[in-house]
Every structure is written in C-alpha cells, then in structure tokens.
Amino acid sequence: MSGSKCNVDPATPKSRTERLMKERNLRKLNRVFNLNEKAGDSLRDADLFSNDSALTETENFASLNEEELSEGIDGYERQDQRLPKQRLLVVANRLPVSAVRQGKDSWQLEISVGGLVSALLGLKEFDARWIGWAGVNVPDEIGQEALTKALAEKKCIPVFLDEDTVHQYYNGYCNNIIWPLFHYLGLPQEDRLSTTRSFQSQFDAYKKANQMFADVVHEHYEDGDVVWCHDYHLMFLPRCLKEKNSNIKVGWFLHTPFPSSEIHRMLPSRRDLLESVLAADLVGFHTYDYARHFVSACTRILGLEGTPEGVENQGKLTRVAAFPIGIDSDRFIRALELPQVQDHIKELKERFAGRKVMLGVDRLDMIKGIPQKILAFEEFLEENPEWRDKVVLLQIAVPTRTDVPEYQKLSSQVHEIVGRINGRFGTLTAVPIHHLDRSLDFHALCALYAVTDVALITSLRDGMNLVSYEFVACQASKKGVLILSEFAGAAQSLGAGALLVNPWNIAEVAASISQALNMPADEREKMHQHNFMHVTTHTSQEWAATFVSELNDTIIEAQLRTRQVPFLPVKVAVERYLQSNNRLLMLGFNATLTEPASTQGVRGGHIRELQSRLHLEIKETLKKLCDDRRTNIVILSGSDRAVLDDNFREYNLWLAAENGMFLRHSTGEWMTTMPENLNMDWVDSVKHVFEYFTERTPGSHFELRETSLVWKYKYAESHFGKLQSKDMLQHLWTGPISNAAVDVVQGDRSVEVRSVGVTKGAAIDRILGEIVRNKGMKSPIDYVLCAGHFLSKDEDVYTFFEPELPCESLALARTRSLDPARTSISMIPDSTNQVKAHQLRKQRSLSTLERSNYRSAAWRPIVHDRMSLPEGSSVLDLKAENFFSCTVSRKQSDARYLLQSSDNVGTLIKELAESKSPN
Ligand SMILES: O=P(O)(O)OC[C@H]1O[C@H](O[C@H]2O[C@H](CO)[C@@H](O)[C@H](O)[C@H]2O)[C@H](O)[C@@H](O)[C@@H]1O
Ligand SMILES: O=c1ccn([C@@H]2O[C@H](COP(=O)(O)OP(=O)(O)O)[C@@H](O)[C@H]2O)c(=O)[nH]1
C-alpha cells in the first residue's frame, strides 16, 4: 500500500550492494560464455576493441561459486538465454586512430598515442563504438566519406571539426586554458590581455564543438546504449546529450586531475562547465582527491549540496566517485615473450652493457616535468662522479599539441638543457642522456621497459600516469625501481612500491636517483611485488566494467529515489481513524502547524519575531482532537522546550522537544530521553563558526539548544544566505570539527549541527514507552498518522512505524526497541531543567567506530512501575492500511504520502476532529 511509484523492475534488488554483486556475477558469467563461444570461433573481429587477452585460464565455470552461478544464470535466463554485450558509445576528443591522407579517397590509420587511448583499448567486455575527431581536417565530402568508411571497420565514428574550430576549441580552450589550469599551471600568463579577449570566442568554439560531438552521438544512439564521455574536452557534452534526450544514460570521466575549487574558480566559465558536467548521471575521477575537489567546486561555486554520494540539485543526484584507471597488464606481459620484443631486448642490453638504464617516457608536455627531471639527473651526475660513465638516461618525449606555442617553447627548452648536459658530461663515445623526440611502437616500448633499471616519472601533475603501470608490468624479471612524482594520480596506487618525490625539489629527486641505483635486490623485489600485484589486478578492463556497471546502477538508484510521493487520501485516513481504538498522531511543528514564514519577520533590518507560532486556525480543532480519549497526540519538533511550552501549554497532548530528546505531557514535567554519554564537546567550536557567519550575514541568527545548534537564514537575503550557508557547510564538513561526533544537517534555510544519534526516529521508542506507561494503556496502538516537514535525517520516524519494512533487520530493530522493558526515560525536576551542556562537554569524544555504535548506547534508567499492557504484548498493533506517514511539502521523501502545505495539515486535523462514525 505504500505510495511508491517508479518504473523499476520489481525483481531489482533494492540494495545497491546486492545489485552490484549480481551484476558482477553476470559479468563474470558473460566472460565465460564469450570464452566458450570464442573457442570454436576462428574468425576475429577486426575492430580495436576485439578481445585478444581479456580471458584468463581461471575464468571458467569452475571459478564461479554455486551462489554466483545460480545468481548469474537467473539473470542470464531472464535475458532470453543470451546476455548481449552492453552497447557502449565511447566519446572522446581523439579517436584511438589518427588518419593520414594517402589520396583523394584513401586513408591510412595509425594508432594514437596517449594514456586515454591506451586505457580505452581495454574495453573488451562491451559492444563499443568510439566517437571522436580523427586529428585531421577533411573539408571535402569525398574525403569524409572515405574516412568514415575506413574508420567504420575499426568501429570508430568520426566527428569532422573544421580547422578554425580545432584551433579555437582544441588548441585554444582545451589545451591552452583548461589543461594548464587543471594541472595547477594557472591561466596563460603571457599576453594576458589578448588571452582574456579571445577567451569568449574560444569558449564559444568549445561549446560548438561539444554540440557537434552530441549531434554525432544522437545519430548513432540506440535505446539502452550507455554513452561514456571522456575528459576535459567534452565537459559540455553531458548537457547537450540530456537536453535532447533525458533518457540517455550518460557518464563522464575526467582523465586529468580536477583541481582544488580555489583553482577552478579562476575560470571565467567555471559555472557553465560544472553545471554541464552535472547533467551526467555519473561523474568519475581517478582519485578521491579529484572527486572531492569537484564536489567542493559544486558546493562553493554553484551553491549545491554535496552528499557522500555526489552532488544534489533540487532532488536530482549526480553521482560522483573515484574509478582509478589501470592497464591491460596481460598484453604487456605476453608481449615480452614475442620474438621481436626479445630481439629488441637483446639489442638494448648489448647497446647499454655496463651501464644502468634509467628511463623516462612522456608526451612532451609541461605537466610531465621533463626539464625538472633532466636537471635532477644533472645534479645527480654532478654529485656522484663515479656514476657518470655507468648510467644512461633514455628520455622518450613524444611530440604532442605541436600547434600550441607553449608546447613549441617547451621543446626548445628541453633540447637546450639536454645539449648542455651532454656537452658537460659526455665523452667522444657516450652521452649521459639519449633524448628521442618521437614515439616508439608498442614492442619497442615493452623492450625498453623490460631492460630499465630505474624509471623516472616526475610529472608536476598527472591525472594518473599509465607509463608507471606499464613499466611495472614489464619488470617481472628485472625488478627495477620506480621513482614516481607524488603529484601523479598513480602515486596513490603505486606509492607503497615506489620512491615518491616532489618533482619541484631537484635535490630530492637527485638523491632518489642515487637511492634507486644503489638499492639492494631484496628491497627492490619487495617493492616490485607490491606494485606488480596491484597493476595486474586493477586492470583497464576492470576499470571500464566498474564504471559502466556503476552507471547502470546509478540510473536504477535515481528511479528509486525520484518516485512521486502521492497526495494523502484524506477520506481514507479519516475513515480508518474512525474505525480504530487507540490512535497515535505524531505531528511536526515548524512548517507543519505554524503560520507560513513571511518577510514580516524582518523590520528595519532587525528580526522582529523569530519564534514560530501555532497557526491561529488550527488552535480550536487541535484542542478538540486532544480531548478525544482514544487519540494520543505528540508534537515532535526540533524546537526547544520553551517554544513548545509557549505554544501548547493549554493542550492535552505530549510535547517532544529537540527532536525527541525532551518529553513532557502538557500536564506533567519535562523528562529527558537523552543518552547518558551524549557528547557535546563540539558545542563551543560550532558556536564560534555560527557567530562568525551570523555577524557576516545580515538577517541570520542562531539558536543554541541542549543537543544541537541551528543557524537560520530565513530572514537573510536569500541568495547571499544560501552562499554563506554553503561556505559554512564546507567549513563544518571539512574543517577542524569534521571529526567530532556530530551530524551536520542542511535544512531549507538553516544549518543544524546535532550530536550523533539525535534524530526523531531514534527517540520514538522512548516516547512511546512513556506514553504507554503514563496513560496506563490497555490496548496497543492500532492507528498512526505521522506528519511533518521533517528533514531527511529525521525521516527515520516514518521508517520506524512502517509496517511494510523493506528488510528484516529494520523489522527486528523495531520489535526490539518496542519492548517496553527496554524503554527507559529519566525525569528532570523543574529546578534542574537545564541539562548543562558543559557537564556533558567533559565527556570524551567518540571515535568513528564508537559513533557508529552509539545509536544503541544505553539510555538513562527508569522504573517501569505502571506498565499496563499484558506482558509480551506489543505497544503497536499496526496494520499497513492504518499507517499514514505524510511529508509536508517535501517533494523527496520516504513518507507514503504528501500534504502540500501546512494549510492541508490544518484541513486534515479539522476533518479528523469533526469526523463522526456513520452510526
Ligand atoms: O590527445 P592529446 O591531446 O595529444 O593528449 C593525449 C592524452 O593526454 C591526456 O591523458 C590523460 O589520460 C591518462 C589515462 O587516463 C592519464 O594517465 C594521464 O595522466 C592523463 O594525462 C589527456 O587527458 C587525453 O585526453 C589525451 O588524449
Ligand atoms: O612512444 C610512446 C610513448 C608512450 N606511449 C603510450 O602513451 C601512454 C601515455 O599515457 P600516460 O597516462 O602515462 O600519460 P598521457 O600521455 O596520457 O598524459 C602510455 O600508454 C604509453 O604506452 C606510446 O604508445 N608510445
């Protein structure tokens, strides 16, 4: 009877972990089926994604346990006995092949160089097509047609960009603006004014190019396809795709770092880019740091809510997560056995006999820190003369983005330094640095990796750096040392098996070279083993499969989340109310029973009236309802006791203040339901933060309660208030108090900090126990109406009563907590009504682990002297049709029903109060 409405297959597991496990098993099974099929199939696809290495011997039926097998087969059968490969449209600026024109209608295709291409060649589990620019201007139709045909054989689809667009979009906006900025190199310094002037036209070209990519995607899109957009070139693409078809599953992955929000905010188009990316369903980065930076840019620059899951905008969640990339390690390991690679190895060994080989492989890019690397090598030679004729540095510097002036300058700079050092330390027969201005083919590269003693990777910033992975994969016999920049994403995965360096610290890098060259074999072996294990288990296939399965799952989650909450069927609620004997009405106060907030609250810049008032029109009917002996009413509010006292003193009902931490019957004394070990150490720090923001945000104020602090900006200028609240949240989430035992709760126009475990749902069992005890209740509660403008954190109220609980554990929790014998509450005599926060502050902080256990912490003891229900019977005897949970005006809610505003609550109360049984 719950009001959920969504178009998700009912067989879909509700828990994300279950869904992901299921999908993992299916994937595993799919691989096995593919293996069996391939075994008898001598024909191979000619496409770039063909599966020549994805399957290992262990991946057969024997490697699946019984559960996985039956889980997988269930899913398999549901899909008509065959599990089709997921269709995937990979969209990246560059195609994995670059085209070279041979004639009017003939083209030669060459594999493109770069980490993104290397990584995506591992997409073997998918029926993938790649959409991108072929790296060449093709103005004529004949040429375009011929190229389209040639690329189709490789499952590639071209986007034809004209020369001016490439210049402005790729060389300009992508490589001269976003690329350096995302790698912390700032915006172009020289010729700053002309850069600023041309910025707008470059940005326009960027948007135009992204739209051109989107048009090609739409042309080739089929229902159910996953569209995976890649990199900083295509930050506008998710929005372009969704604008035309909101059903497309869109993922976006960034291969570069995402910088701190302080850097990102320098971009004149900072908002546009973030908003466009957020149109995607799933946004991925190489590391948690980059993901965190992105979320914080969205909260600080866009004023959106960052959640542990991602970024939320008016109920729409964009999931943000880290998916560290890997390589197809098998491909490298197997290549080492090939005769041509063995020949290369032999050649290299002979060529550099008697010398240790150091290797650098980079695109010739500022971010790779090539000059810094060479200078560090120079310093090493200077300080270690005994090594001068015993070591050689091979630096492969692949030309890249050669049309961008900064890259041209870098090339001359590197040549100059190499020439100087070779002149300084070289002899007639040997030079210390071999610098190659070109790329190597795969086999030559593998051979080079295999003969290397020390790999030197000194990127100033690098999204991941796959060269480091490839080096490790090829080092099974040599077990050489990896010197790795701490600013490469790879440092977070391979750090334990590498010598980490700050590439800007030339002396430190030089010292690490010495350490690496002198490292004992056992130490080298240990480090290598660690990295080898990582590289061979975290592959590019796994990376892609995880991203796509998370994307599919994100869509399911979104469907489950965005169900429409139906309106409360008032007539039914009233009928059921009449038919029941012992009812519980649990009502919120603020924005539920109060007058609507209005700007009348502010007079001449001062806040006139901050306290909420019970709606005038509700007063009489509420009184009437309270007088019905079969109805128990609880006002459950975040407000403090004084506020509830002021408003409800004359009513015959229960007041639960501060989210249920304090309780009284209007005729009795306040009692506390607070746990004894409630930790309040954080209060002073949070108070300082609130004071700081209150002083700087006209119209805002804060309330200091016993168990929480609330900063309200209802009467502040709304845009500024929102911005300030974002800054405040950022500070609370990541600042000095982020480790305290608190929950930071974002309200509509408020920020609240509570002790961990203080939620309305957590207090209910105590409240119920006390009502039962106090009233001498003879029969269980058989009707519950629970309505409020509750924050999502407090929606556990609904779950608590929900007779149709989603899982057994919740049911168990409720049964247990409703056991009257476990229900405890303590009285506070009037004189000691104020539980002093400072007393509580003395208690020690809770560690994270303690925090998670905290919810079941012991509560203050009470003597159960008047428990009246027969032993063993339950306080609640609630049938699903007698439970009405209503959110008041919140569109996103776990409640069964929606009451649109506090006016509707008033009407409902009136109907209940005036209802009469037909007889
Ligand atoms: O196509 P280009 O403009 O010549 O540049 C080549 C690629 O460079 C960048 O690669 C990044 O991706 C790697 C894999 O994720 C990662 O390891 C590396 O740290 C990054 O720099 C760029 O992001 C790609 O778009 C380019 O194709
Ligand atoms: O002569 C070369 C030099 C490099 N690469 C490849 O280029 C990629 C570089 O990726 P990385 O992530 O290290 O950096 P990116 O160039 O993407 O910034 C690696 O897969 C290398 O194998 C190549 O194929 N030939």
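As shown above, the structure is provided for reference.
Residues numbered from 1 in each chain as written. Chains lettered and ligands numbered in written order. Predicted model: local features only at pLDDT ≥ 70, side-chain atom pairs only at ≥ 80, totals over all residues. Heavy atoms only, no water.

### Section: the site of ligand 1
Near ligand 1 lie 20 residues; those nearest to it are R94, Y170, D231, H255 and D462. H286 is positioned such that a nitrogen or oxygen atom in its side chain is 3.0 Å from an oxygen atom of ligand 1. A distance of 3.1 Å is found between an oxygen atom of ligand 1 and a backbone nitrogen or oxygen belonging to G463. Here ligand 1 has 560 Å² of accessible area as a free molecule, and 97% of this is covered by the chains. Within the residue set of the shell around ligand 1, elements represented by two or more residues are α3 (115–120) and α5 (163–182). Among the residues making up the shell around ligand 1, the classes are represented as 7 nonpolar, 8 polar and 5 charged. (Near = heavy atom within 4 Å. Polar contact = N/O pair within 3.5 Å; in protein donor to acceptor, adjacent residues only side chain to side chain. Areas by Shrake-Rupley, 256 points an atom, 1.4 Å probe, with all protein chains shown as cover. Helix = DSSP H or I, 4+ residues; strand = E, 2+ residues; numbered from the N terminus. Nonpolar A, V, L, I, M, F, W, Y, C, P; charged D, E, K, R; others polar.)

### What about unusual backbone geometry?
Positioned with a positive phi, A591 is a non-glycine residue whose angle comes to about 60 degrees. Along the polypeptide, A591 turns up in the loop between β18 (583–587) and β19 (602–603). Residue class for A591 comes out partly exposed when judged on its relative accessible area of 33%. Phi at S889 takes a positive value of approximately 70 degrees, unusual for a residue other than glycine. Residue placement: S889 occurs in the loop between β31 (883–888) and β32 (897–899). (Buried < 20%, exposed > 50% of the residue type's maximum accessible area, 1.4 Å probe, protein only.)

### Thoughts on the nonpolar core
Counting residues in hydrophobic clusters, the biggest one holds 98 residues, and the most contacted among them are Y169, Y206, M235, F258, F285 and F294. With 10 residues, the single largest contributor to this core is α5. Setting aside chain neighbours within four positions, we find F294 in contact with F258, L274, V277, L278, V283, F285, V311 and V320. (Core = buried A, V, L, I, M, F, W, Y, C linked by side-chain atoms within 4.5 Å. Contact = heavy atoms within 4.5 Å.)

### Some remarks on the packing of aromatic side chains
With the rule as written, the count across this model stands at 36 aromatic pairs. An angle of 70 degrees between the planes, with centres 5.9 Å apart, marks the rings of F690 and F702 as edge-to-face. Of the two residues, F690 sits in helix α24 (residues 683–696) while F702 sits in strand β25 (residues 701–704), which places them 12 residues apart along the sequence. We classify F690 as buried; its relative accessible area is 0%. Aromatic side chains Y692 and F693 sit 5.3 Å apart centroid to centroid with 70 degrees between the ring planes, which places their arrangement in the edge-to-face category. For F693, a relative accessible area of 7% puts it in the buried group. Three or more aromatic residues link up through ring pairs in this structure, and these residues are Y169, Y173, F199, F203, Y206, F213 and F236. (Phe/Tyr/Trp six-rings, centres within 6.5 Å; stacked < 30°, edge-to-face > 60°.)

### Brief notes about the sheet that holds strand β1 (residues 87–94)
Taken in spatial order, the 9 strands line up as β5-β4-β1-β6-β7-β8-β11-β10-β9 in an open sheet, and their pairing is mixed. Whereas interior strands pair on both sides, the edge strands pair on one side only; in this sheet they are β5 (156–158) and β9 (305–307). For this sheet the average axis-to-axis angle between neighbouring strands, irrespective of direction, equals 20 degrees. In this structure, β9 lies alongside strand β10 (residues 310–313), joined through 3 bridges in antiparallel fashion. Bridging from a neighbouring strand, T307 pairs with G310 of β10. Contacting β1, β6 (226–230) and β7 (249–253), helix α7 (residues 237–244) runs over the sheet at an angle of about 175 degrees to β7. (Pairing = 2+ DSSP bridges. Axes fitted to C-alpha atoms, helices over the stretch in contact; angles between N-to-C directions.)

### Examining helix α22 (residues 619–626)
Residues T621, L622, L625 and C626 constitute the buried set of α22. The arc that holds every buried residue of α22, seen down its axis, measures 140 degrees, which confines them to one face. On its buried face, α22 is in contact with α21 (570–579), β18, β21 (631–636), α23 (641–648) and α31 (902–914). (Arc of directions from axis to C-beta.)

### Points about the side chain of H255
By the element assignment, H255 lies in the loop between β7 and α8 (261–264). With a relative accessible area of 10%, H255 lands in the buried category. Each residue touching H255, except ones within four places of it in the same chain, is listed here: L116, H230, D231, H286, I325, G463, M464 and W543.

### Comments concerning the side chain of H665
With respect to the secondary-structure elements, H665 resides in strand β23 (residues 662–665). Side-chain polar atoms of H665 contact the side chain of N652, separated by 3.0 Å. Polar side-chain contacts of H665 include one of 2.7 Å to the side chain of T667. Every residue in contact with H665, bar those within four places of it in the chain, is listed here: N652, L653 and W654.

### Let's talk about the pairing of β18
Burial analysis of β18 places 5 of its 5 residues in the buried class, which makes it a mostly covered element. Judged by which residues are buried, β18 turns out to be covered on both faces: R583, L585 and L587 on one side and L584 and M586 on the other are all buried. With 5 bridges joining them, β18 and β21 adopt parallel strand pairing. Looking across to β21, one finds that R583 is bridged to T631. Note that β18 and strand β29 (residues 783–788) share 5 bridges and pair parallel.

### With respect to the environment of V467
Among the structural elements, V467 can be located in helix α16 (residues 466–473). Setting aside chain neighbours within four positions, we find V467 in contact with V361, Y449 and I457.

### Focus: the pattern of salt bridges
In the structure shown here, the tally under the stated rule is 40 salt bridges. Among the ionic pairs, E350 bridges to K346, the shortest N-O distance being 3.8 Å. Here K346 and E350 lie together in helix α12 (residues 339–351), a separation of 4 residues that amounts to about one turn. Overall, K346 belongs to the exposed group, its relative accessible area being 54%. (Salt bridge = Lys/Arg side-chain N within 4 Å of Asp/Glu carboxyl O.)

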